[in-house]
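Observations on the three-dimensional arrangement
The lines below spell out each chain.
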Amino acid sequence: MERKPLIAGNWKMYKTPAESEEAARRLAELTRGLTGADVLVAPAHTALVLVSRALAGSDVLLGAQNLHWEKEGAFTGEISAQMLVGSGCSHVIIGHSERRQYFGETDETVRRRVEAALEAGLVPIVCVGETLEERKSGDTLKVLDKQISGGLKKIFLKDGHSLVVAYEPVWAIGTGLTATPQEAQEAHAHIRKRLAGLYGETTAAAIRILYGGSVKPENIRELMARPDIDGALVGGASLAPETFARIARFGETESGLST
Ligand code: 13P
């Protein structure tokens, strides 16, 4: 099954609203006419509405970095799926390792957020990945199994386009270390096998599985050459629109890259 690549930028806690708006405008220009990949940015919540306006008329998609599972209520500091939809989002990152590591995210809270996102019509980008310790002790696949079965337990999907999974080995995030394309491919193939167990072969074949962890213009092509790597979730290298656009245009010729 043909899966259109998705190149997603996670801006994490960077950029003021004005800076985000400017970067989004530039990115929209730099990716105009790009047909080889879908492009998405996930700015901070405070910038969503401005970025959504800056992207109007472009094909760049908008995602958020987190959401709460309740629709509304006395949950100071939280943001609901409806609020994200109303801010122009079509996607939302869920269960990023930084949220698991620093903010108490568990497979069960991931599951609740996924449920809320789907109910509101948002496409969840569910992040999974092992720590260096877990990789060293040979537990990578076991950790992925646990995160997938826990995070997607009793989650119904209408089709494979309503979910994106991101494999982000924790040890490769922001460290300059990248999983080798072979290591990433093995993890992705394993994830797809698990997804097939949950949703059947056809649905699993349509789910895009992104790789994340020190993706750059220099390494995107070799990653994308692997059969189960369907795109990238890019942190640091997504902050500069020029660099991010080069990643998004990975499939074009060098001359295409410079135009
Ligand atoms: P880096 O690209 O900065 O390693 O971050 C990856 C990431 O966490 C994307 O969500």
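All of the points below concern the structure found in this document. Since we're looking at a predicted model, the values are computed, not measured. (Residues numbered from 1 in each chain as written. Predicted model: local features only at pLDDT ≥ 70, side-chain atom pairs only at ≥ 80, totals over all residues. Heavy atoms only, no water.)

1. Notes on the side chain of Asn-219
If you trace the backbone, Asn-219 turns up in the loop between strand E7 (208-212) and helix H10 (220-224). Of note is the side chain of Asn-219, whose polar atom sits 3.5 Å from the side chain of Thr-178. With sequence-adjacent residues up to four places away left out, Asn-219 is seen in contact with Thr-178 and Ser-214. (Helix = DSSP H or I, 4+ residues; strand = E, 2+ residues; numbered from the N terminus. Polar contact = N/O pair within 3.5 Å; in protein donor to acceptor, adjacent residues only side chain to side chain. Contact = heavy atoms within 4.5 Å.)

2. Description of the site of the ligand
Lining the immediate environment of the ligand, one finds 13 residues, of which Lys-12, His-96, Gly-174, Ser-214 and Gly-236 sit closest. A distance of 3.0 Å is found between an oxygen atom of the ligand and a side-chain nitrogen or oxygen belonging to Asn-10. Protein chains shield 95% of the accessible area of the ligand, which is 300 Å² for the free molecule. Classifying every residue of the shell around the ligand gives 4 nonpolar, 7 polar and 2 charged. (Near = heavy atom within 4 Å. Areas by Shrake-Rupley, 256 points an atom, 1.4 Å probe, with all protein chains shown as cover. Nonpolar A, V, L, I, M, F, W, Y, C, P; charged D, E, K, R; others polar.)

3. A few points about the pattern of salt bridges
Evaluated as defined, the whole model comprises 23 salt bridges. In this structure, Lys-12 engages Glu-98 in a salt bridge whose closest nitrogen and oxygen atoms are separated by 2.8 Å. Taken together, the positions of Lys-12 in the loop between strand E1 (6-10) and helix H1 (17-30) and Glu-98 in helix H4 (residues 97-102) put the pair 86 residues apart, joining distant regions of the chain. Glu-98 gets classed as partly exposed once you look at its relative accessible area, which sits at 22%. A salt bridge links Arg-208 to Asp-38, with the shortest nitrogen-to-oxygen separation between them at 2.9 Å. One end of the pair, Arg-208, is in strand E7; the other, Asp-38, is in strand E2 (residues 38-42), with 170 residues separating them in the sequence. Note on Arg-208: relative accessible area 15%, which makes it buried. (Salt bridge = Lys/Arg side-chain N within 4 Å of Asp/Glu carboxyl O. Buried < 20%, exposed > 50% of the residue type's maximum accessible area, 1.4 Å probe, protein only.)

These values are about where atoms sit, not about what they do.
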